[in-house]
Amino acid sequence: DPLSFGALHVYATAISFCPRKTKLWEYYSTQAGIRFLHSQPKSQWSAELWSRSVGRKVQAVAYSPDGKSIASGYDNGGVRLWDAETGLPVGKPFAGHSQSVTAVAFSPDGSRVASASYDGTIRLWDVQTGSQIGRFPLTSLPGEKAAVNAIQFSPDGKKIAGGYRDNVIRLWNADTQEPIGQLVDDSSRGIDAIAFSADGKKLASGSGDNTIRLWDAETGFPIWRSLVDNSVTSILFSPNGKKIAYTSFGKSVLFLDGDTGATIDGALEGSKGSLSSLSLSLDGKILAVGGGDRSIWLWDFETGATIGRPLTGHTGWVNCVAFSPDGRTIVSGSSDKTIRMWGLGSGASAEMSSEEKIGEVVSIAVSHDGQRIVTGSRAGDIVLWDAGTGLPVRKPRQGHKGTVVSVAFSPDDCRIASGSPDGVVRVWDVATGRLVGKALEGLPEGNTIAFSPDHRILAVITFDGGICLWDAGAGTSIGVPFTFCEDWVKYCNFSPDGETIAVGYSERIYLVDTMTQSSIGELSLSDSGTGSSVAFSPDGNILSVELTDDTFCTWDLRSKELSWDPSSDICFPEPFVYLRLREQWLFYRGSRTFWLPSEYMVPDGLPVTLRGGVLFCLGDICSTFDVSQSLCYFPSVAPLHEEQLHRPTVRAVSGTNFQSSTWISDPEFDSDPELRGVNTVVEDSSDS
């Protein structure tokens, strides 16, 4: 059988995630090398059949009429075909659009693909050759007014309708590309969604001015106009044309009467986020809806009942969904830069235990001794984790009204500071979990927090671009908020003696006297890149800057010289190994180490961390795993020695970015044009 001949390290990690009520687990469970610490394994397979990382945000997807191919459009203007069964790319990408693709559609005979773009063009592509066979004339309108937001073929394939941002629906002959009419909307916000009825006689449009209109597709005359609650994002007809379903940046799917435009009761509700994309199975029985909660909801179109649990796996906004012609699968595209295929046979999705429902993690910090991790969630939860066991130390704490956007340990690891857009910074005792002293209130919306070395002063970066210094004990401000240029402050950190603060902007770093809050030095990064975090050496003489391209440079504060020494990250020691997540694999030193199912994938910007034998995946579903038995397959990923946990360190503070790695290109991915430029992690062996 295949597993017996596979590489042991591949299957020893993958087997651990097999659902427990399956034959695969029954036969191979003794070879599983990973133990669940905080989370629960699934009992049955999820509905996801395959996923593909494409490197760009997926804005549109469409199924071919025979169900064998999928077309996708991206925010960089690219269009690509995929094999629906295998998830492999077909041919080369279609190149031609200069701006984001907004919609793709197959012709009814499946021989052509139409794509629309913000660049103001609709292009036709030959499915067999991949060549462009048509380009509808660019409108004479300037700039954004020329953008095409939506397209659809008429059911007979003779027309293409395009919804433009200048409030006009233009109809084109699909064969000659000649204009054959236009429907002029008196909207002031552009046409965002269009749909033909099944017989092609009517066309519905949704606009940014909160209106839906029904048109006679043959004469161009308006039939009715209906005012709705918000901007319309997607729209479709029922097979008999008697009902119109739409979404409008709300958490519900709403309905109008296809004949009169009157509101129909029975909105479909349940989503935790805004809904923006719709697809109806060809038999009209199941409605699939995607949106901001990163799930795909399924509803019975007639009864309004939910079907199973939402399909989960995407880590970004679900921008588009499409049913296969046989109604057995759904394809989805997301801002997380993946395309996913879902099977409706099992109707299963990730099973979450109550202990996992902490909320999406958006901020993370590691204690200086490596013993604890603290996370902040979008739901306002602050959770302290034991780095040795992978379990929460205590129940989540709540002290903010909104998202916890920043957390930080004090230098002695006895305190934790948390910040939120509610304008409050709170300090917590690590040992007891209780609040310490007075909350720092009246702040502008806060972002990153940094403790001074004596933990008496807190520096808070605010969303309005300034820095506030606060007495952490008294809860009072020190001086007034300050800034040195019009750009926003991105990061900051104290020197070891606390007398200097390094304040970083996109292309410039200022050294600031803590007492006078005046600039005493300046470093330009304009020729180096954009900074993302900064740290001082233990003696305070070297400033190390991490750039957004994941390289480092150092600034000698005595000679004022800039260096590109490969060991420039020496000021960023961390008692953790950070792993790079790509294609559901965690990479270390350019090699695959652990396979991670999509339901355990973390959002962009949050590192997957490994300390000793505990793997932390802190995202929508907070999971920790004992991987110590699997580390023997990877001698380079070894448990940390005790002496490595107590070296003098100065923490780098940069929001949720606490990575201390140098990134290099992975030759395996560079050979794939779809994945070129993907980075993999390389750690300094002395730190790992």
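Look a little higher up for the structure.
Source: prediction; values computed, not measured. (Residues numbered from 1 in each chain as written. Predicted model: local features only at pLDDT ≥ 70, side-chain atom pairs only at ≥ 80, totals over all residues. Heavy atoms only, no water.)

## Side note on the overall build of the chain
Counted only if it meets this: Secondary structure elements are defined from DSSP: runs of H or I of at least 4 residues count as helices, runs of E of at least 2 residues count as strands, and each element is numbered from the N terminus. Remark: exposure states derive from per-residue accessible area (1.4 Å probe, protein chains only) relative to the maximum for the residue type, with buried under 20%, exposed over 50%, and partly exposed in between. Whether two residues are in contact is decided by their heavy atoms, any of which lying within 4.5 Å being enough. Accessible surface is estimated by sampling points in the Shrake-Rupley manner with a 1.4 Å probe; for residues, cover comes only from the protein chains shown.
Secondary structure summary: the chain contains four helices and 56 strands in total. By residue count, 58% of the 688 residues in the chain fall in the buried class. Counted over contacts in the chain with a minimum sequence separation of 6, partners at least 24 positions apart contribute 47%. As displayed, the chain has an accessible area near 27900 Å², and 50% of this comes from carbon and sulfur atoms.

## Re the nonpolar core
What counts, and what does not: To form a nonpolar core, buried Ala, Val, Leu, Ile, Met, Phe, Trp, Tyr and Cys residues must be joined to one another through side-chain atoms within 4.5 Å.
Formed by 19 residues in total, the largest nonpolar core has its most connected members in Leu-615, Phe-625 and Val-627. Elements with a contribution of two residues or more to this core: β49 (577-582), β52 (608-611) and β53 (614-617). Considering every element that reaches this core, the biggest residue donor is β49, with three residues. Excluding residues within four positions of it along the chain, Phe-625 makes contact with Phe-17, Ile-34, Arg-35, Phe-36, Leu-37, Ser-39, Leu-596, Tyr-600, Gly-613, Val-614, Leu-615 and Cys-617. Of all hydrophobic cores here, the second largest spans 15 residues; its members include Ala-459, Val-489, Val-503 and Tyr-505.

## Focus on the pairing of strand β29 (residues 338-343)
Heads up, the condition is: Any two strands between which DSSP finds at least two bridges are classified as paired.
With six of six residues buried, β29 lies mostly within the body of the structure. Taking every second residue as pointing to the same face, both faces of β29 are buried, with Thr-338, Arg-340 and Trp-342 on one and Ile-339, Met-341 and Gly-343 on the other. Relative to β29, strand β2 (residues 48-53) runs antiparallel, the two being bridged by five bridges. Residue pairing across strands places Trp-50 opposite Met-341, the latter belonging to β29. Sheet topology places strand β28 (residues 329-334) next to β29; five bridges connect them, and they run antiparallel. Directly across from Gly-333, in β29, lies its bridge partner Ile-339. Counted between consecutive antiparallel strands, the loop separating β28 from β29 contains three residues, among which Lys-337 sits at a positive phi close to 70 degrees.

## Describing the environment of Ile-382
Assignment of secondary structure puts Ile-382 in strand β32 (residues 381-386). In contact with Ile-382, other than residues within four places in its own chain, are Val-374, Thr-375, Pro-396, Arg-397, His-400, Val-404, Ser-418 and Trp-428.

## Details of the pairing of strand β14 (residues 179-184)
Bridging between strand β13 (residues 168-173) and β14 involves five bridges; their strand directions are antiparallel. Its bridge partner being in β14, Ile-169 is matched across the sheet by Leu-183. Between β13 and β14, which pair antiparallel in sequence order, lie five residues; one of them, Gln-177, sits at a positive phi of approximately 65 degrees.

## Points about the sheet that holds strand β25 (residues 295-300)
Sheets are built from strands paired through backbone hydrogen bonds, the pairs being either parallel or antiparallel. The sheet built from four strands is open, its strands ordered β23-β24-β25-β26 with antiparallel pairing. Across the chains shown, the open sheet's two edge strands, defined by having one partner strand only, are β23 (275-280) and β26 (311-312). Pairing of β25 with β26, which is carried by two bridges, proceeds in the antiparallel orientation. Bridging across to β26, Ile-296 finds its partner in Leu-311.

## Here we look at unusual backbone geometry
One non-glycine residue with positive phi stands out, namely Asn-210, at about 70 degrees. Tracing the chain through its elements places Asn-210 in the loop between β16 (202-207) and β17 (211-216). For Asn-210, a relative accessible area of 22% gives the class partly exposed. With phi around 50 degrees, His-455 is a residue other than glycine that occupies positive phi space. Residue placement: His-455 occurs in the loop between β37 (446-451) and β38 (457-462).

## What about empty space enclosed by the protein?
Applied cut-off: Here a cavity means grid points, on a 1 Å grid over the protein atoms only, where a 1.4 Å probe fits yet cannot get out; a pocket means an open set of points with protein on both sides within 12 Å along at least five of seven lines; lining residues are those with an atom within 4 Å of a point. Grid points are joined across faces, edges and corners, and a volume is the space filled by probe spheres set on the points. Residues are grouped as follows: Ala, Val, Leu, Ile, Met, Phe, Trp, Tyr, Cys and Pro are nonpolar; Asp, Glu, Lys and Arg are charged; every other residue, Gly included, is polar.
What the rule picks out here adds up to three cavities of 30 Å³ or more. If you add up the space inside the largest cavity, you get close to 100 Å³. Taken together, Val-374, Ile-382, Val-383, Leu-384, Arg-394, Lys-395, Arg-397, Ile-416, Trp-428, Asp-429, Val-430 and Gly-433 form the lining of the largest cavity. For the lining of the largest cavity, the element with the most residues is β32, which contributes three residues. In terms of residue class, the lining of the largest cavity is made up of seven nonpolar, one polar and four charged.

## Re the sheet that holds strand β36 (residues 425-429)
For clarity, the threshold we go by: For helices, the fitted line uses only the C-alpha atoms of the stretch in contact; every axis is such a line through C-alpha atoms, and the angle between N-to-C directions lies from 0 to 180 degrees.
Pairing is antiparallel in the open sheet, where three strands are placed in the order β34-β35-β36. The sheet is open, and its two borders are formed by β34 (406-409) and β36, each paired with just one other strand. Within the sheet, the average angular offset between the axes of one strand and its neighbour, ignoring direction, is 20 degrees. For strand β35 (residues 415-419) and β36, the ladder comprises five bridges, and the chain directions are antiparallel. Residue pairing in the sheet places Ala-417 in a bridge with Val-427 of β36.

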